[in-house]
Amino acid sequence: MDTLTLVKLADDGTSLVLNWSDGVSQQIPWATLRKECPCAVCNVEREQPPAKVNPLAVIDVVQTRPIRPTALRPVGNYAYAISFSDGHSSGIFSLATLRRIGEASAGTAPR
Ligand SMILES: [Zn+2]
């Protein structure tokens with residue numbers, strides 16, 4: 001697993017498409033990537049109990065739009081920093097993290 005590298009990285013419009021050096025191809029919806037953002041801020045947010053969400057709260061207009069990437073920047077040769085259309089850009093996705101998210105979302109992705 002530690003020698004895995006990406007052969008190709010692409011945006012198909014709704015998902016990040018990853019082609020790995022072991023021949024595996026994965027497709028991860030951008031919304032899933034945003035939800036799985038590994039940065040410290042999102043880790044804290046995920047720990048909040050869902051009951052704290054106010055059902056009457058006004059939804060920010062940004063949240064009603066499909067999430068999109070605005071930038072994808074390589075960090076060294078082991079990770080990618082992804083900026084999202086909601087203004088969030090502190091997530092650094094290591095190749096291992098991308099692979100894990102891809103495997104976790106494979107069962108639910110539309111084919
Ligand atoms: Zn984050």
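A short tour of the structure in this document, coming up. (Residues numbered from 1 in each chain as written. Predicted model: local features only at pLDDT ≥ 70, side-chain atom pairs only at ≥ 80, totals over all residues. Heavy atoms only, no water.)

Moving on: the side chain of threonine 32. Within the secondary structure, threonine 32 is located in helix α1 (residues 30-35). A residue is classified by how much of its surface remains accessible, and threonine 32, at 17% relative accessible area, is buried. Not counting the four nearest positions on each side in its chain, threonine 32 is found in contact with Ile101 and Ser105. (Helix = DSSP H or I, 4+ residues; strand = E, 2+ residues; numbered from the N terminus. Buried < 20%, exposed > 50% of the residue type's maximum accessible area, 1.4 Å probe, protein only. Contact = heavy atoms within 4.5 Å.)

For the rest of this paragraph, the subject is the pairing of strand β6 (residues 91-94). Burial of the side chains of β6 is restricted to one face: Gly91 and Phe93 are buried, whereas none of Ile92 and Ser94 on the reverse face is. Of the pairings in the sheet, the one linking strand β5 (residues 79-84) to β6 comprises four bridges and is antiparallel in character. From the neighbouring strand, tyrosine 80 faces β6, where its bridge partner is phenylalanine 93. (Pairing = 2+ DSSP bridges.)

Moving on: the pairing of strand β1 (residues 6-11). Across five bridges, the pairing between β1 and strand β2 (residues 15-20) is antiparallel. Residue leucine 9 lies in a different strand from β2, and its bridge partner there is leucine 18. Between β1 and the antiparallel strand that follows it, β2, lie three residues; glycine 13 among them carries a positive phi value of about 110°.

This brings us to the pattern of salt bridges. Within the structure shown, the criterion is met by four salt bridges. Linking arginine 99 and aspartate 22 is a salt bridge whose minimum nitrogen-to-oxygen distance equals 2.9 Å. Of this pair, arginine 99 sits in helix α3 (residues 95-105) while aspartate 22 sits in the loop between β2 and β3 (25-29); the two residues are 77 residues apart in sequence, bridging distant segments of the chain. According to the relative accessible area criterion, arginine 99 is buried, its value standing at 7%. Among the charged side chains, a salt-bridge network with shared partners connects Asp22, Arg99 and Glu103. (Salt bridge = Lys/Arg side-chain N within 4 Å of Asp/Glu carboxyl O.)

Nothing here speaks to function; it is geometry throughout.
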